[in-house]
Structures are given as structure tokens and as C-alpha cells.
Amino acid sequence: MANEDFETLGQDSGQARNTARTAERFPIEYEIITDKELQLLKPMYLDARTSERSDGPGGGADAFMAMGVPPAQIMMFQQTMRAFKSLEDKLDEVLKATGASPEDAKKLNKAMCVDISAGGMRMITAQKVKRGALAKLVLTLPPLHPVIVVAVGKIVKASPIRLSSGKRAMETAIAFEVINEDDREEIVAYSFKRQRQEAARNLATDDDDDY
């Protein structure tokens, strides 16, 4: 499964949209954690949004805003951090292919989000996961709403599936167990933006059909 193209995962997983949920594919990262680790993370996650926490990759937007940095520069910084993250991932793939690995690096598992809402999400992963497991989730929302959310979810459903490539994977349903409310609002904001974008696209298509 190491060579699976995660950009294509979930394309056959259909679920009707409604006002609270957005069917959307974008890559995420996660790691399975213990209940003890959850208890350590819980107060920190509930206390502050991802951008204000030390574990928030590419975060710090609020701190920059407090210093009076213009929003355009903050967005440029976040985009730069996303680009660096992409380069790091590619470098890791090269190191893995050559048999090397970064020293003391704790690797996150990669997956594909196929559905997200304020209360949880669905993802497809190449790794075997079990119902009831806890996962620390790193959700890098698409450029439409470029925000990173780090939260903890509980896997409430895990079903084996077979991808179009013939390889096996797991489709999971995850309920957010610990998430900062401001982070939850970021997910809601993304969902609304995405739905408005789709509505505008559908309206434009209908107008074209009138001619």
C-alpha cells in the first residue's frame, strides 16, 4: 500500500450532501494514540485553537495578527508553510525509497478525507485500524479555506474495502472526541464556503443550459 496514490482514494465513496456535511476529498495525516495520551492532549486542545498551540503545524496566524501583520502576509506565510510541508513529504518518500529515514522522526499515517462535518469525518487509509481506536488528526483544509486543524477523533466504524487499483484499504467513520470550538467553526466555515461554491457552479451550469 506504500505506493498507493492517495489523491485517487475515495472517488467511489458516494454520500449525499446535506447542510451539515460536505463530501470532499483532500489528504490528511493521523496517528493512533492511547487514552492516556488523549487525557494529556485534552486540556490543551480544548483551551486553545490549533493556530495558538505549539503542535499546530504552520500555525501562529493569531500571533501574527496580534502583532499587526497584514492578512495578505499571514496567508502568504501559511501557503509557504504548506509548500514546505509538501516538500518534506516528498523528501521522506525519497529517503524511504533509498532505505534511509530521518533520525527520531515519528511519522504520521497518510489518509484521504472523503467526508467532513462539524461532528466528525470519514477517511480512507491504507493502514489497518480498529473501531474504538483514538486518532490524533491533522486536517489541512483545502486552499479555499487554508486552515490547519489538529484534533482527536474516535473511530466509530472501520470497514475493509478494495480500491479500484485492487489494493485493500479501510474506510472509517470518525467522531470528533476532542476539538477546540474555534477549530470546529473553521470546519463549518469551510463547509459553507464549499457549498456556496458548488451552488454558484450549478447555477452557472443551469444558465449555460438556457442558451
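Basis of the calculations
- Residues numbered from 1 in each chain as written.
- Predicted model: local features only at pLDDT ≥ 70, side-chain atom pairs only at ≥ 80, totals over all residues.
- Heavy atoms only, no water.
- Pairing = 2+ DSSP bridges.
- Helix = DSSP H or I, 4+ residues; strand = E, 2+ residues; numbered from the N terminus.
- Core = buried A, V, L, I, M, F, W, Y, C linked by side-chain atoms within 4.5 Å.
- Buried < 20%, exposed > 50% of the residue type's maximum accessible area, 1.4 Å probe, protein only.
- Contact = heavy atoms within 4.5 Å.
- Salt bridge = Lys/Arg side-chain N within 4 Å of Asp/Glu carboxyl O.
- Polar contact = N/O pair within 3.5 Å; in protein donor to acceptor, adjacent residues only side chain to side chain.
- Phe/Tyr/Trp six-rings, centres within 6.5 Å; stacked < 30°, edge-to-face > 60°.

Engineer: Even after reading the chapter, I still don't get the pairing of strand 6 (residues 148–162), so can you show me in this structure?
Structural biologist: Every regular strand shows the same layout, with side chains that alternate between the two sheet faces. As judged from the 7 bridges shared by strand 5 (residues 134–140) and strand 6, these two strands associate in the antiparallel manner. When the sheet's bridge partners are listed, Thr140 is paired in strand 6 with Ile148. Note that strand 6 and strand 7 (residues 168–178) share 10 bridges and pair antiparallel. Looking across to strand 7, one finds that Lys157 is bridged to Ala173. Where strand 6 hands over to strand 7, the hairpin turn is made up of 5 residues, of which Gly166 adopts a positive phi near 95°.

Engineer: Explain the nonpolar core to me, please; I cannot follow it from the model alone.
Structural biologist: Nonpolar side chains tend toward joint burial in soluble globular proteins. Ranked by size, the top nonpolar core spans 24 residues in total, and within it Ile28, Met121, Leu137 and Leu139 carry the most contacts. Counting residues per element, the ones that place at least two in this core are strand 2 (26–33), strand 3 (109–117), strand 4 (120–125), strand 5, strand 6, strand 7 and helix 4 (181–209). Residue contacts for Leu137: discarding those within four places in its chain leaves Glu29, Tyr30, Met121, Val149, Val150, Ala151, Gly153, Ile174 and Phe176. Counting residues in hydrophobic clusters, the runner-up holds 10 residues, among them Leu38, Leu134, Ile148 and Val150.

Engineer: Which parts of the structure should I look at to understand the pattern of salt bridges?
Structural biologist: One side chain can pair with another of opposite charge once the charged atoms of both are near each other. Applying the stated rule across the entire model yields 7 salt bridges. Between Arg49 and Asp182 there is a salt bridge; the shortest N-O distance is 3.2 Å. Taken as a pair, Arg49 in the loop between helix 1 (35–47) and helix 2 (61–66) and Asp182 in helix 4 lie far apart in primary sequence, 133 residues in all. With a shortest N-O distance of 3.2 Å, Glu181 and Arg184 are connected by a salt bridge. Taken as a pair, Glu181 and Arg184 lie in helix 4 at a separation of 3 residues, close to a single helical turn. Through salt bridges with shared partners, a single ionic network connects Arg194, Glu198 and Arg201.

Engineer: Just to check I follow, could you spell out the pairing of strand 3 for this structure?
Structural biologist: Extensive coverage of strand 3 is indicated by the burial of 7 of its 9 residues. The pairing of strand 1 (residues 21–22) with strand 3 spans 2 bridges and is antiparallel. Note on strand 3: the bridge partner recorded for Arg21 is Ser117. Pairing between strand 2 and strand 3: 5 bridges, direction antiparallel. From the neighbouring strand, Glu29 faces strand 3, where its bridge partner is Lys110. Examined bridge by bridge, strand 3 and strand 4 share 5 bridges and lie antiparallel to one another. Looking across to strand 4, one finds that Met112 is bridged to Ile124. Count of turn residues in the strand 3/strand 4 antiparallel hairpin: 2 residues.

Engineer: Can you help me understand the side chain of Thr125 in this one?
Structural biologist: Among the structural elements, Thr125 can be located in strand 4. Within the structure, Thr125 has its side chain in polar contact with the side chain of Tyr30 (distance 2.7 Å). Within polar-contact distance, the side chain of Thr125 engages the side chain of Gln127 at 2.9 Å. With near-sequence residues (within four places) excluded, Thr125 lies in contact with Tyr30, Lys110, Ala111, Ala169 and Met170.

Engineer: It is not clear to me how the packing of aromatic side chains should be interpreted in this structure. Could you clarify?
Structural biologist: Think of a pair of aromatic rings as described by two things: how far the centres are apart, and how the planes are tilted against each other in angle. Tallied over the entire structure, the rule returns 1 aromatic pair. Judged by centre distance (6.3 Å) and plane angle (75°), the ring pair of Phe26 and Tyr190 falls under edge-to-face. With a gap of 164 residues between them, Phe26 in strand 2 and Tyr190 in helix 4 connect regions that are remote in the sequence. Tyr190 carries the same exposure label as Phe26, and that label is buried.

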